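Residues per chain are reported as follows:
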Amino acid sequence: DVKVTQSSRYLVKRTGEKVFLECVQDMDHENMFWYRQDPGLGLRLIYFSYDVKMKEKGDIPEGYSVSREKKERFSLILESASTNQTSMYLCASSPRTSLEQYFGPGTRLTVT
Amino acid sequence: GEDVEQSLFLSVREGDSSVINCTYTDSSSTYLYWYKQEPGAGLQLLTYIFSNMDMKQDQRLTVLLNKKDKHLSLRIADTQTGDSAIYFCAETPVRGYNQGGKLIFGQGTELSVKP
């Protein structure tokens, strides 16, 4: 069974703080993704990675960065959190040869 | 550019059929997907259809694809309260090499099933 875990289910941070969201997958998948989910907007891709140390910008990368030092772990970093980054953040992974993505349970981040 | 559109809400009575619709813009998409998100959970793949198919049936689920109109639908027969969830349509943007396995998701349709 594929498992994608995210470090926190709920997180509350203050404006200006540096925030780390961690995602780990246990199926040796090459591809990993970070999305944010907002009501009425669906899932929007922030960043993705198709290999260790590789990263590609998605549709809304501004205000975010990522790190993929190990194959199983993909971190999303908010350098200076702002209130408009309050959202649900979803991590996903997929093997190179498949387009099916496996999702973690999500982290609901509130920035006050 | 690539875009996937869905209506935001659908309400049905238990036992009725539900039909969730989706339109997409990328005519070169090879696969189209339906994902389900239950409350408090991540997304889970429900079913998918290859672009050279018109229909796919899997138990209570029927997927219809109209390539000419770029329209995808998901029909759930005998809808149950456990089917209440958000349903996302997604397409594969395959202009050039889709390195990284990107998907483009719609806004999601919240299905509410009333007893």
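Residues numbered from 1 in each chain as written. Chains lettered and ligands numbered in written order. Predicted model: local features only at pLDDT ≥ 70, side-chain atom pairs only at ≥ 80, totals over all residues. Heavy atoms only, no water.

J.: Teacher, can you tell me more about the overall build of chain A here?
T.: In terms of helices and strands, chain A carries 0 helices and 11 strands. In sequence order, the secondary structure elements of chain A are arranged as β-β-β-β-β-β-β-β-β-β-β. With the principal axes as the frame, chain A shows a C-alpha extent of 40 × 25 × 25 Å. Going through the 112 residues of chain A one by one, you find that 48% of them count as buried. (Helix = DSSP H or I, 4+ residues; strand = E, 2+ residues; numbered from the N terminus. Buried < 20%, exposed > 50% of the residue type's maximum accessible area, 1.4 Å probe, protein only.)

J.: Can you help me understand the interface of chain A and chain B in this one?
T.: Accessible area lost upon the coming together of the parts serves often as the stated size of an interface. In this complex, chain A contributes 20 residues to the contact, which on the side of chain B involves 22 residues. Of the roughly 1,700 Å² buried between chain A and chain B, counting both surfaces, carbon and sulfur atoms make up 59%. Taken as a group, Leu43, Leu99 and Phe103 of chain A account for 31% of the area that chain A buries against chain B, more than any other trio of residues on that side. Between the two partners, chain A and chain B, sit 0 salt bridges. Secondary-structure elements contributing two or more residues to the side of chain A that touches chain B are strand S4 (31-38) and strand S5 (42-49) of chain A. A breakdown of the residues in the side of chain A that touches chain B according to their chemical character gives 11 nonpolar, 6 polar and 3 charged. (Contact = heavy atoms within 4.5 Å. Buried area = accessible area lost by both parts, 1.4 Å probe. Salt bridge = Lys/Arg side-chain N within 4 Å of Asp/Glu carboxyl O. Nonpolar A, V, L, I, M, F, W, Y, C, P; charged D, E, K, R; others polar.)

J.: Is there a simple way to think about the sheet that holds strand S3 (residues 19-25) of chain A in this case?
T.: Neighbouring strands of a sheet are bound in pairs by backbone hydrogen bonds; such pairs are parallel or else antiparallel. Residues and elements named next belong to chain A. As summarised here, the arrangement of the 4 strands in space is S1-S3-S8-S7, forming an open sheet in which the pairing is antiparallel. Of all the strands in the sheet, just strand S1 (4-6) and strand S7 (65-70) have a single pairing partner and so form its edges. Averaged over all adjacent pairs, the angle separating strand axes in this sheet is 20 degrees, with direction ignored. Where S1 lies against S3, 3 bridges are found, and the strand directions are antiparallel. Directly across from Val4, in S3, lies its bridge partner Gln25. (Pairing = 2+ DSSP bridges. Axes fitted to C-alpha atoms, helices over the stretch in contact; angles between N-to-C directions.)

J.: So what exactly am I meant to see when it comes to the state of the cysteines here?
T.: The term disulfide refers to a covalent linkage connecting the sulfur atoms of a pair of cysteines. Evaluated as defined, the whole model comprises 2 disulfides over all chains. Covalently, Cys23 of chain A is tied to Cys91 of chain A through a disulfide, its sulfur atoms 1.8 Å apart. Because the torsion about its S-S bond is -75 degrees, the bridge between Cys23 of chain A and Cys91 of chain A counts as left-handed. Of the two residues, Cys23 of chain A is situated in strand S3 and Cys91 of chain A in strand S9 (residues 87-94); the sequence distance between them amounts to 68 residues. Between the sulfur atoms of Cys22 of chain B and its disulfide partner Cys89 of chain B the distance amounts to 2.0 Å. With the S-S bond torsion at -65 degrees, the cross-link from Cys22 of chain B to Cys89 of chain B turns out left-handed. Linking Cys22 of chain B in strand S3 (residues 18-24) with Cys89 of chain B in strand S9 (residues 85-91), this pair joins segments that are 67 residues apart in sequence. (Disulfide = S-S within 2.5 Å.)

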